[in-house]
Amino acid sequence: MIRYLKYLRYYWWQVIVLFGGLTTQVWSSLQLPDMMSQIVNHGIVGGDQDYIIQTGLGMLGVALIGGVGMVVAGFLAARIGAGLAARIRNDVFAKVMSFSITEINNFSTSSLLTRTTNDVFQVQLTTTLVLRMSCQAPIMGIGAILKALQTAPSLTWIIAMAVGVLVSLIVTVFTFALPKFRLLQTLIDKLSRVTRENLTGLRVVRAFNNEKYERDKFNDANQQLTRVNLFVSRIMVIIFPIVGLLMNFTTLLVIWIGAGYIETGAIEIGNLMAFMQYAMQVMMSFMFLAMAFIMIPRATVSWGRIGKVLKVKNSIRPPRKPIEPNPQGTGLVEFKKVSFAYNDAENPVLKNISFTARPGQTTAIIGSTGSGKSTLINLILRFYDVTSGAVLVDGVDVRKMSAENLTKRIGYVPQKGVLFSGTVAENIAFGQELNDQTIQTAADVAQASEFINHLPGQFKNHIAQGGSNVSGGQKQRLAIARALAKNPEILIFDDSFSALDFRTDRNLRMALKKSAKTQAILIVAQRVSTIKNADQIIVLNNGEIAGIGQHLDLLKNCQIYREITASQLSSDELVAELKQAGVQNG
């Protein structure tokens, strides 16, 4: 709630003007019944035509003033709600963008999407309604009660009785509704997750002929959400007719009891008519509060979910006093006795890793699945922080560098090539102001120009969201071109050649060797053919370094590397390789 009020403080002057508009509207609503009773009592009963016209014109003026107040209040309430939602969305998005992979893994993608869209919308809708209703209802309710006491004090017990019934109804609804509202948002998350899984994995679902299973899974999530939605809708559907019925019974009771007072002359007809309107205003005030009480629980749940994102303390925090390496840095990467374990993991993923990746050289990392290759790369980018030891770039611990200074030195190509909606050129430049020649050169080195030139628009050709209109190999080459166009000191390829054929792989490595003579290149790979010419090969096994050296040295001295090579070569090729390495018996 405190955080919510902090957002609301940006609109303090609009809230004041809105309150003034609502006060004007309420004043108008309270004056009109009183003026009507005067027309009935003095104009119609007394036969004073001039008084009727004069008071009627006054009522018209009061109604116009109230209408202006209503328009101002409605406009400002909508403006405040929309502005508040925009600020919250921006803050949630900025917070998520600052998350490390650890925080991202704590929230599912579908949940973050729901929190940024549906939950924020619930807060916006409730803010708009509550600003109008919760401010208007108390003023109108208190004012109408005071006016009713002045008009017909002997009938006010009827209002008290009706309000008591209405409050009991509100409390009952609130008790049953709150748990369902909590469940509703969770089920929306679940439905979003199932939908996203099916859309992203559509090819796999069809390849395994598993549409019925996935359809049943979706229907199950959909039915759960539908049942809860129906329960909430039934509450909403029931409460309004009950309130309407209560208001009608109140009107009937006022007329029935009031008729006797009129007969005895204790109450005038105009006063009874005004009292009925004041009674309705009191009821409407509590009805507005009832609507607010119905909306607030769901908004409270949504705000709690948003707050969980905003309150997360990032595990990767920027240094208080960043140390900036030499601006003319060379791209030297050093691992010094690095160990790393995931949160709550029993065993470390990496243990006592030490090596140096020098500028102008290619350092390759190979190992079996789960040996920690990608995790090691993630430590350089500071997607995770080391558990012990240090990762240094140009002699400075990455934990002591600003994120901007670190990332501008690194060109990173992930395992899965990620593209964004836009043109080919925009994907290669990716937010940088690059000239056409730089983009063309990067595409040439990445072996992407060949297929780009065959596209209808070439570098201006549109790329669909996620790169769905290009193949896996084309997507990977564009991702490599994006890293090259950045012209960084350090190039990191995290198994980025896996979707390339052997000819393209060879041509790319040859072009890369010519164009990146001064850059430190780190390559994570599964294929020995991709890394056999590297200046330094690091063999990982169960998170530890099993060997460091060049291809022939490792064939001779590292059993793990020899086994990996043997699994990828024919018998004749392996014998030739071992013979070249000086190994007589493989």
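See the structure above.
Below, the structure is looked at part by part. This one's a predicted model, so the numbers in the text were calculated from it and none came from an experiment. (Residues numbered from 1 in each chain as written. Predicted model: local features only at pLDDT ≥ 70, side-chain atom pairs only at ≥ 80, totals over all residues. Heavy atoms only, no water.)

1. Here's the deal with the pattern of salt bridges
Point 1. Scanning the model with the defined rule gives seven salt bridges in all.
Point 2. Notably, a salt bridge pairs Asp216 with Lys212, separated by 3.1 Å at the nearest N-O pair. Of this pair, Asp216 and Lys212 both sit in helix α8 (residues 211–264), separated by four residues, roughly a single helical turn.
Point 3. The exposure class of Asp216 is partly exposed, given its relative accessible area of 38%.
Point 4. For Lys212, a relative accessible area of 55% translates into the label exposed.
Point 5. The shortest N-O distance in the salt bridge between Asp397 and Arg399 comes to 2.8 Å.
Point 6. Exposure remark for Arg399: the relative accessible area of 29% places this residue in the partly exposed category.
Point 7. Three or more residues joined by partner-sharing salt bridges are found here, namely Asp394, Arg409 and Glu489. (Salt bridge = Lys/Arg side-chain N within 4 Å of Asp/Glu carboxyl O. Helix = DSSP H or I, 4+ residues; strand = E, 2+ residues; numbered from the N terminus. Buried < 20%, exposed > 50% of the residue type's maximum accessible area, 1.4 Å probe, protein only.)

2. What to know about the side chain of Gln122
Point 1. Its place among the elements puts Gln122 in helix α5 (residues 109–151).
Point 2. Discounting chain neighbours no more than four positions away, the residues touching Gln122 are Arg298, Ala299 and Ser302. (Contact = heavy atoms within 4.5 Å.)

3. Concerning the sheet that holds strand β5 (residues 396–397)
Point 1. The sheet built from four strands is open, its strands ordered β2-β1-β4-β5 with antiparallel pairing. Each having just a single partner strand, β2 (350–357) and β5 make up the two edges of the open sheet.
Point 2. With two bridges connecting them, strand β4 (residues 388–393) and β5 associate as antiparallel partners. Looking at β5, one finds that Val393 is bridged to Val396.
Point 3. Relative to strand β1 (residues 333–340), helix α10 (residues 373–380) is tilted by about 120°, and along the sheet it contacts β1, β2 and β4. (Pairing = 2+ DSSP bridges. Axes fitted to C-alpha atoms, helices over the stretch in contact; angles between N-to-C directions.)

4. Focus on the nonpolar core
Point 1. Ile428 and Tyr561 are the most contacted members of the largest nonpolar core, which totals 48 residues.
Point 2. Of all the elements, helix α15 (residues 472–485) adds the most residues to this core, at seven residues.
Point 3. Those residues within four positions of Tyr561 in sequence are excluded, and the remaining contacts are Ile366, Val528, Ile531, Ile537, Val539, His551, Leu554 and Leu555.
Point 4. Within the second largest apolar cluster, 47 residues are counted, among which are Leu166, Val232, Tyr278 and Met283. (Core = buried A, V, L, I, M, F, W, Y, C linked by side-chain atoms within 4.5 Å.)

5. Section: the packing of aromatic side chains
Point 1. Scanning the entire structure with this criterion turns up six aromatic pairs.
Point 2. Pairing Phe340 with Tyr384 gives two aromatic rings, centres 5.2 Å apart and planes at 45°, and the pair type is tilted. Of the two residues, Phe340 sits in strand β1 while Tyr384 sits in the loop between α10 and β4, which places them 44 residues apart along the sequence.
Point 3. Taking 5.3 Å as the distance between ring centres and 80° as the angle between the ring planes, the aromatic pair formed by Tyr342 and Tyr384 counts as edge-to-face. On the criterion of sequence distance, the pair formed by Tyr342 in the loop between β1 and β2 and Tyr384 in the loop between α10 and β4 is long-range, its members being 42 residues apart.
Point 4. Given a relative accessible area of 8%, Tyr384 falls into the buried group.
Point 5. Cluster of aromatic residues (ring-pair linked, three or more members): Phe340, Tyr342 and Tyr384.
Point 6. Across from the ring centre of Phe430, 5.3 Å away, lies the NZ or CZ of Arg482, which sits over that ring. (Phe/Tyr/Trp six-rings, centres within 6.5 Å; stacked < 30°, edge-to-face > 60°. Lys NZ or Arg CZ within 6 Å of the ring centre and 35° of its normal.)

6. As for α8
Point 1. The end-to-end C-alpha separation of α8 is 78 Å, in line with the 80 Å expected for 54 residues at 1.5 Å each.
Point 2. Of all bends in α8, the biggest is about 25°, found at Gly258.
Point 3. Of the residues flanking the end of α8, it is Gly265, one or two places downstream, whose phi is positive at about 80°. (Expected span 1.5 Å × (residues − 1). Bend = angle between axes of the 7 residues up to and from the residue.)

7. Side note on the pairing of β1
Point 1. Burial within β1 is extensive, with six of its eight residues counted as buried.
Point 2. Bridge analysis of β1 against β2 gives five bridges, and the strand direction is antiparallel. For Glu334, the partnering residue across the bridge sits in β2 and is Thr356.
Point 3. Here β1 pairs with β4 via five bridges, running antiparallel. Each bridged residue has a counterpart across the sheet, and for Val333 the counterpart in β4 is Val393.

8. Focus on the sheet that holds strand β11 (residues 536–541)
Point 1. Strand order in the open sheet made by the six strands is β6-β9-β10-β3-β11-β12, with mixed pairing throughout. The outermost strands of the open sheet, each flanked by one partner alone, are β6 (410–413) and β12 (544–549). Neighbour to neighbour, the strand axes of the sheet diverge by 15° on average, direction disregarded.
Point 2. On the sheet, α15 packs against β6 and β9 (490–494) and is oriented at approximately 175° with respect to β6.

9. Points about the environment of Glu426
Point 1. Note on placement: Glu426 falls in helix α12 (residues 424–429).
Point 2. In this structure the C-alpha to C-alpha distance between Glu426 and Val68, which are 358 residues apart in sequence, comes to 50 Å.
Point 3. A distance of 3.0 Å separates the side chain of Glu426 from the backbone nitrogen of Thr423, its partner in a polar contact. (Polar contact = N/O pair within 3.5 Å; in protein donor to acceptor, adjacent residues only side chain to side chain.)

10. Structural notes on the packing of helix α13 (residues 436–445) against α15
How two helices sit against one another is set out by the angle between their axes and by the gap between those axes.
Point 1. One can describe the packing of α13 onto α15 by two numbers: an axis separation of 8 Å at closest approach and a directional angle of 130°. Here α13 lies oblique to α15, going by the angle between them. Every pair of crossing elements has a handedness; the one defined by α13 and α15 is right-handed. Residues Thr438, Ala442, Ala443 and Val445 of α13 pack against Ala481, Leu484 and Ala485 of α15.
Point 2. Residue classes in the contact of α13 with α15 are distributed as six nonpolar, one polar and no charged. (Parallel < 35°, antiparallel > 145°, perpendicular 65-115°, else oblique. Left-handed = near helix turned anticlockwise from the far one by under 90°. Nonpolar A, V, L, I, M, F, W, Y, C, P; charged D, E, K, R; others polar.)

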